[in-house]
Amino acid sequence: MLKKTLIGATAIGLAIASASLVQNGAMADTKDKKIALSNNYAGNSWRQAMLKSWDKVTKQAVADGVVAAADPFTTSENQVTEQAAQIQNLILQGYNAIVVNAASPEALNPAIKQACDAGIVVVSFDGIVTEPCAWRIAVDFKAMGKSELDYLKANMPDGGNLLEIRGLAGVFVDDEIHAGIEEGVKENPQFKIVGSVHGNWAQDVAQKEVAGILPSLPEIKAVVTQGGDGYGAAQAFKAAGRPTPLIIMGNREDELKWWKEQKDANGYKTMSVSIAPGVSTLAFWVAQMILDGQEVPKDLIVPFLRIDQDNLEANLANTEKGGVANVEYSLEDAKKVVAGK
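Residues numbered from 1 in each chain as written. Predicted model: local features only at pLDDT ≥ 70, side-chain atom pairs only at ≥ 80, totals over all residues. Heavy atoms only, no water.

**A closer look at empty space enclosed by the protein**
Then step 1. Applying the stated criterion to the full structure yields one cavity of 30 Å³ or more.
Then step 2. The computed volume of the largest cavity comes to approximately 120 Å³.
Then step 3. What lines the largest cavity is a set of 13 residues, and nearest its centre among them are W46, D126, V173, W201 and I275.
Then step 4. Where the lining of the largest cavity is concerned, the elements lending two or more residues are α2 (45-63), α5 (141-155) and α6 (172-187). (1 Å grid on protein atoms, 1.4 Å probe; cavity = no way out; pocket = protein on both sides within 12 Å on 5 of 7 lines; lining within 4 Å. Points joined across faces, edges and corners; volume = space filled by probe spheres on them. Helix = DSSP H or I, 4+ residues; strand = E, 2+ residues; numbered from the N terminus.)

Printed below as a string of structure tokens:
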């Protein structure tokens, strides 16, 4: 009788433990589900850090039995047609959810709708999509762009000529940050954008494009950027023998290192702002929560990561060489974002 009681108690205990794991999303009903990452571009340090964060967090989730697979796929070119074909292949391969960093907010919508119609959960992040069936995780990129002009207004009240370095043409992120910068300039007419190039969020591209436009530009007081372009801009000004302007940085390790060197040498002052590459891990957990039947708002906003003069050294110390200042998300973090906390 005692043996039966112990067996019964053990079974009840296991059931309670199992229920607890499901409630916490650890084992859940998603242990047999497959999640794919569809990424349109990997040609800069931010995208490499994003993929590294995805790999780190999702491999552990697979090992823990949270999901059966979490496979990343990156197109060879930043082309909508190629990513649309990639998403269609993921549909055929039987993935239960697709996490998307999209090449275009609208042009991918037909492929996204096909996935939704096939019963697949689609979560877009960073480069989000407008298809209503998909979820979206984004920073307020427009506010991020405007924050650059707010900083310049406070630190350069007399204004001056600006050079703008944009990101990948046609991508939602580029359009939104640019819109925020334009709004900031409109509110602060003492600043004037006298030149603009696309740096593709890559230091080498930014350096080449800035070097190409500098001979045609008047004196530049500041450079407004989107991330991954500040160090390249600094090198272009140096090579041209022109004074180094105030350059807004984008949280890349080489930018932060250069900034610290200039700060130590002559008190150089600026700020740095970007979205954390680890937002891919938040998108993974959001997809897992939706597959688990949890209610998740269609639109989620996460804060951008800003670095200032007084916390530069601490952030640089925590940023790996060649990487980007980062935040990676756990399931508990994702639950807080979903709950609006």
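**Overview of the environment of K113**
Then step 1. Relative to the helices and strands, K113 is located in helix α4 (residues 109-117).
Then step 2. Residues K113 and A134 lie 21 residues apart in sequence; the distance between their C-alpha atoms is 8.2 Å.
Then step 3. Residues in contact with K113, not counting those within four places in the same chain, are E131 and C133. (Contact = heavy atoms within 4.5 Å.)

**Points about the sheet that holds strand β9 (residues 246-247)**
Then step 1. Taken together, the four strands give an open sheet; going across it, the order is β7-β6-β8-β9, and neighbouring strands pair in parallel fashion. What marks the edges here is a single partner per strand, and that holds for β7 (191-198) and β9.
Then step 2. One ladder, built from two bridges, connects strand β8 (residues 222-224) with β9; its direction is parallel. Bridging from a neighbouring strand, V223 pairs with I247 of β9.
Then step 3. Along the sheet face, α5 touches β6 (160-166), β7, β8 and β9 and points at about 165° away from the line of β8. (Pairing = 2+ DSSP bridges. Axes fitted to C-alpha atoms, helices over the stretch in contact; angles between N-to-C directions.)

**Structural notes on the confidence of the model for the protein chain**
Then step 1. The predicted model of the protein chain averages 91 in pLDDT, with 92% of residues at 70 or higher.
Then step 2. Throughout residues 1-27 the model reports pLDDT below 50, and contacts reaching past four residues in sequence, or to other chains, amount to 18 contacts. (pLDDT = per-residue confidence, 0-100.)

**Considerations on the packing of aromatic side chains**
Both the distance between ring centres and the angle between the ring planes are used here to describe each pair of aromatic rings.
Then step 1. Under the definition given, this model contains five aromatic pairs.
Then step 2. An angle of 80° between the planes, with centres 5.1 Å apart, marks the rings of W258 and Y268 as edge-to-face. With W258 in helix α9 (residues 253-266) and Y268 in the loop between α9 and β10 (272-274), the pair connects residues that are 10 residues apart, well separated along the chain. For the pair formed by W258 and Y268, the shared burial category is buried.
Then step 3. Judged by centre distance (4.9 Å) and plane angle (65°), the rings of F284 and W285 are edge-to-face. (Phe/Tyr/Trp six-rings, centres within 6.5 Å; stacked < 30°, edge-to-face > 60°. Buried < 20%, exposed > 50% of the residue type's maximum accessible area, 1.4 Å probe, protein only.)

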